[in-house]
Amino acid sequence: MLRKGDQFPSFKLENQKGEFISNESIKGSKAVLYFYPRDNTPGCTKQACAFRDSHEEFTSKDVVVIGISKDSVKS
């Protein structure tokens, strides 16, 4: 488990726009990575909506929010 101040492990994942996000692409940025088990489930939707509703608060503090799922990019 990562703790505050730990370095992200190396990763490179495609987002819904076909762009690749990696630990290198967000290096030097403040970021929140949140993981969810499956798209379009009540719990995951609630979690994603909470981040969406707080988007302005995060961006005003220069924080990037990235949600990661094991589902396909298309999903």
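Above this text sits the structure in question.
Residues numbered from 1 in each chain as written. Predicted model: local features only at pLDDT ≥ 70, side-chain atom pairs only at ≥ 80, totals over all residues. Heavy atoms only, no water.

1. Some details on unusual backbone geometry
With a phi angle near 55°, Asp62 is a residue other than glycine that sits in the positive phi range. Along the chain, Asp62 falls in the loop between helix H2 (55–60) and strand S4 (63–69). (Helix = DSSP H or I, 4+ residues; strand = E, 2+ residues; numbered from the N terminus.)

2. Quick word on the layout of surface pockets
Of the pockets and cavities examined, the largest pocket occupies roughly 940 Å³. Mapped by element, the contributors of at least two residues to the lining of the largest pocket are strand S1 (12–14), strand S3 (30–36), helix H1 (42–53), H2 and S4. The greatest single-element share of the lining of the largest pocket, amounting to seven residues, is contributed by S4. The wall of the second largest pocket is formed by 22 residues, among which Leu2, Asp6, Gln7, Phe8 and Leu33 lie closest to the centre. Of the residues forming the lining of the second largest pocket, the biggest block, four residues, is contributed by S3. Class assignment of the residues belonging to the lining of the second largest pocket gives a composition of 10 nonpolar, six polar and six charged. (1 Å grid on protein atoms, 1.4 Å probe; cavity = no way out; pocket = protein on both sides within 12 Å on 5 of 7 lines; lining within 4 Å. Points joined across faces, edges and corners; volume = space filled by probe spheres on them. Nonpolar A, V, L, I, M, F, W, Y, C, P; charged D, E, K, R; others polar.)

3. Some words on the packing of aromatic side chains
Under the counting rule described, the total for this entry stands at two aromatic pairs. Ring centres of Tyr34 and Phe51 lie 4.3 Å apart, and the angle between their planes is 20°; this geometry places the pair in the stacked category. On the criterion of sequence distance, the pair formed by Tyr34 in strand S3 and Phe51 in helix H1 is long-range, its members being 17 residues apart. On the accessibility criterion, Tyr34 (12% relative accessible area) is buried. Residue Phe51 is classed as buried on the basis of its relative accessible area of 18%. (Phe/Tyr/Trp six-rings, centres within 6.5 Å; stacked < 30°, edge-to-face > 60°. Buried < 20%, exposed > 50% of the residue type's maximum accessible area, 1.4 Å probe, protein only.)

4. A few points about the pattern of salt bridges
Scanning all chains against the criterion turns up two salt bridges. Between Asp53 and Arg52 there is a salt bridge whose closest N-O contact spans 2.8 Å. Judged by its relative accessible area of 57%, Asp53 is exposed. The exposure class of Arg52 is exposed, given its relative accessible area of 53%. Note that Glu57 is salt-bridged to Lys61, the shortest N-O span being 3.7 Å. (Salt bridge = Lys/Arg side-chain N within 4 Å of Asp/Glu carboxyl O.)

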